[in-house]
Amino acid sequence: MLVRRLPPLLPVLYAGFLSFGASAQDGSLIDGSFTRGKGPFWETGKVSITKSEGELCATVAKGGAKPWDAQIGTGSLRLAGGKGYLLSARITGTAGAALLLRVQGEDEPYAAHLSRQVRLPLADDLLSVRFTSENDEPSSLIFQLGGAAEDFRLCLDDVSLRRFDWRDPFGF
């Protein structure tokens with residue numbers, strides 16, 4: 001029997017298409033394509049965000065002692081404990097810029113479902129990460145940007161967080 005393998009990018013593209021109009025009820029982000037401005041995303045610290053050509057762009061000032069001293073994020077995500085998720089996003093920005101990507105609980109102790117160091121540029125500007133939710137607590141997706149030695153720019157688009165079924169070969 002001949003089994004055809006799909007290119008690895010296909011599930012990511014599929015997840016991106018499914019994110020439009022999705023609700024936070026299934027762990028999906030609302031308007032991760034930023035068609036209505038910055039939507040539910042917020043910023044803290046030395047971060048200034050704007051919508052530019054359909055992307056959410058941030059100018060991040062240097063400084064801060066900790067990654068969480070400057071952040072972009074969105075909250076009120078309802079993830080199911082023990083379930084798999086696929087986070088994908090198109091991320092562009094200043095070459096060499098680093099960030100800490102986290103999906104974490106909204107309240108102390110801020111338990112991390114996902115914590116990943118990311119350095120720009122990304123291959124094809126695409127980030128795709130699978131993880132398992134640790135619990136059912138309300139969660140946030142946070143891009144921690146603090147501690148940079150120089151000012152930098154970061155742009156996000158097509159942000160999607162979808163349930164991922166580890167048993168399905170296509171993941172959905």
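Residues numbered from 1 in each chain as written. Predicted model: local features only at pLDDT ≥ 70, side-chain atom pairs only at ≥ 80, totals over all residues. Heavy atoms only, no water.

(A) Fine view of the environment of tryptophan 166. In this fold, tryptophan 166 is placed in the segment after strand 10 (152-164). Note: C-alpha distance between tryptophan 166 and tyrosine 85 (81 residues apart in sequence) is 8.9 Å. (Helix = DSSP H or I, 4+ residues; strand = E, 2+ residues; numbered from the N terminus.)

(B) Seen up close, the sheet that holds strand 8 (residues 126-132). Ordered in space as 2-3-10-5-8, the five strands form an open sheet in which the pairing is antiparallel. Bordering the open sheet on either side are strand 2 (47-52) and strand 8, each of which pairs with just one other strand. When the angles between neighbouring strand axes are averaged without regard to direction, this sheet yields 30 degrees. As defined by bridge partners, strand 5 (residues 84-93) adjoins strand 10 across nine bridges and the pair is classed as antiparallel. Bridge pairing in strand 10 links leucine 87 to leucine 161. (Pairing = 2+ DSSP bridges. Axes fitted to C-alpha atoms, helices over the stretch in contact; angles between N-to-C directions.)

(C) Spatial organisation of the sheet that holds strand 7 (residues 112-119). Pairing is antiparallel across the open sheet formed by five strands, whose spatial order is 1-4-9-6-7. Pairing within the sheet leaves two strands with one partner each, and these edge strands are strand 1 (42-44) and strand 7. The average undirected angle you get between the axes of adjacent strands in this sheet is 20 degrees. With six bridges joining them, strand 4 (residues 71-78) and strand 9 (residues 138-144) adopt antiparallel strand pairing. Residue pairing in the sheet places arginine 78 in a bridge with proline 138 of strand 9.

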